[in-house]
Amino acid sequence: MNCRESELPGIGRKFEVITKTNDKIVIVIHDDGRREIYHFDADDHEESISNVTFNDDEARQVAAILGGMVYKPKAMESIEIALDDLVIEWFKVEPGAPAVNKSILDIDIRNEYGVTVIAIMKKNQKKVLNPGPETVIEAGDTIVISGERKDLKALIKNLLSS
C-alpha cells in the first residue's frame with residue numbers, strides 16, 4: 001500500500017491511498033472534525049466515483065470497525081469456505097500478475113494446479129459464471145476458485161499475484 005499525506009492550508013490534511021491492487025481512495029480530515037472519503041475509478045485515478053462524509057463521532061466508529069476493535073475476523077488470508085479438503089476462495093487478480101490477459105486455457109489452471117475456476121467477477125461488475133477455457137483473466141478481476149488449500153495458495157502465488 002502506498003500512502004501520501006499532504007497539508008491542505010485552511011482546510012486540514014489529505015491522505016491519498018493506493019492499495020496493492022491499485023484501488024485509490026482519498027481521505028480528507030477537515031480542521032472542524034469532518035472526514036471525507038473519496039473512491040476513484042480503477043482505470044482513471046482522476047475520476048471520483050463515490051464519496052462519503054462523516055462527522056467526528058462517525059469517523060471514530062468506522063475507524064474502530066476497520067481496525068478490528070468491534071469485530072476481529074478469524075485469521076484467514078481471504079474469504080473462504082472449507083468443506084473437508086475442498087476450499088472455495090475469492091481472490092482479486094493483481095496488476096502485473098502472470099495470468100493477466102491470458103485465458104484460463106493458456107495458463108492451464110486445472111491441469112497445472114488441480115484448481116477449478118467457478119466464476120469471475122469482472123472489473124465492470126459483470127459476472128461470468130462457470131467461465132469457459134477461452135475466458136481471459138484481467139487485472140482487477142475477482143476470481144472464485146476451488147480446490148485444495150495448498151493448490152489454491154500455489155496458484156495465487158505463482159499466477160494471480162504480482
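Please read these numbers as outputs of a predicted model, since none were measured by experiment.

*Asks:* It is not clear to me how the nonpolar core should be interpreted in this structure. Could you clarify?
*Replies:* Soluble globular proteins tend to pack their nonpolar side chains together in the buried interior. The biggest cluster of nonpolar side chains holds 23 residues, and the ones touching the most others in it are Ile109, Ile145, Leu155 and Leu160. Residues contacting Ile109, with those up to four places away along its chain left out, are Ile104, Gly114, Val115, Val117, Ile137 and Leu155.

*Asks:* For this particular structure, what's the right way to read helix α4 (residues 149–160)?
*Replies:* Every α-helix carries 3.6 residues per turn, so stepping three or four residues along brings you back to the same face. Within the sequence span of α4, burial applies to Asp151, Leu152, Leu155, Ile156, Leu159 and Leu160. The buried residues of α4 occupy one face: seen down the axis, they fall within an arc of 135°. Facing away from the buried side of α4 by over 90 degrees, the exposed positions are Lys150 and Lys157. Each element contacted by the buried residues of α4 is listed here: β7 (86–92), α2 (104–107), α3 (109–113) and β12 (142–147).

*Asks:* Got a minute to help me understand the sheet that holds strand β4 (residues 35–40) in this structure?
*Replies:* Note on sheets: strands pair through backbone hydrogen bonds, and any given pair is parallel or antiparallel. On the basis of which strands lie adjacent, the open sheet formed by five strands has the order β1-β2-β3-β4-β5 and antiparallel pairing. Only two strands of the sheet have a single neighbouring strand rather than two, namely β1 (2–8) and β5 (48–54). Shown here is a sheet whose adjacent strand axes are inclined to one another by a mean of 15°, direction ignored. Inspection of the sheet shows strand β2 (residues 12–18) paired to strand β3 (residues 24–30) by seven bridges, in the antiparallel sense. Bridging across to β3, Lys14 finds its partner in Val28. The strands that helix α1 (residues 56–66) touches are β4 and β5; relative to β5, the one it contacts most, it runs at about 110°.

*Asks:* What should I look at first to understand the confidence of the model for the chain in this one?
*Replies:* Low pLDDT marks regions whose predicted coordinates should not be analysed in detail. Taken as a whole, the chain shows an average pLDDT of 86; of its residues, 90% reach a score of 70 or greater. Ranking the elements of the chain by mean pLDDT puts strand β6 (residues 80–83) last, at 54, and strand β8 (residues 102–103) first, at 96. Counting interchain partners and residues more than four positions distant, the pLDDT-below-50 stretch residues 75–79 has six contacts.

*Asks:* When you look at the environment of His30 in this model, what are you seeing that I'm missing?
*Replies:* Within the secondary structure layout, His30 lies in strand β3. Take His30: its relative accessible area is 13%, and that puts it in the buried class. Ignoring anything within four residues of it in the chain, the contact list for His30 reads Ile11, Gly12 and Glu36. A polar atom in the side chain of His30 sits 3.0 Å from the side chain of Glu36.

The rules behind each value
- Going along each chain's sequence as written, the residues are numbered from 1 onward.
- Two thresholds apply to this predicted model, a pLDDT of at least 70 for residue-level local features and 80 or more for giving and counting side-chain atom pairs, whereas whole-chain, interface and lining totals are computed over all residues.
- Excluded from the side-chain calculation are hydrogens and water; included are all heavy atoms of the structure.
- What makes a nonpolar core is a set of buried Ala, Val, Leu, Ile, Met, Phe, Trp, Tyr and Cys residues whose side-chain atoms join them at distances within 4.5 Å.
- Exposure classes here rest on a 1.4 Å probe applied to the protein chains alone. A residue is buried below 20% of its type maximum, exposed above 50%, and partly exposed in between.
- Two residues form a contact once any of their heavy atoms are found within 4.5 Å.
- Runs of H or I in DSSP of at least four residues are treated as helices and runs of E of at least two as strands, each being numbered from the N terminus.
- Note that the arc is computed from the directions linking the helix axis to the C-beta atoms.
- Paired strands, in this sense, are two strands between which DSSP finds at least two bridges.
- Angles run from 0 to 180 degrees between N-to-C directions of axes, and those axes are lines fitted to C-alpha atoms, restricted for helices to the stretch in contact.
- The pLDDT value tells you how sure the predictor is about a given residue, anywhere from 0 up to 100.
- What qualifies as a polar contact is a pair of N or O atoms within 3.5 Å, subject to a donor-acceptor requirement within protein and to the restriction that residues adjacent in sequence count only when both atoms come from side chains.

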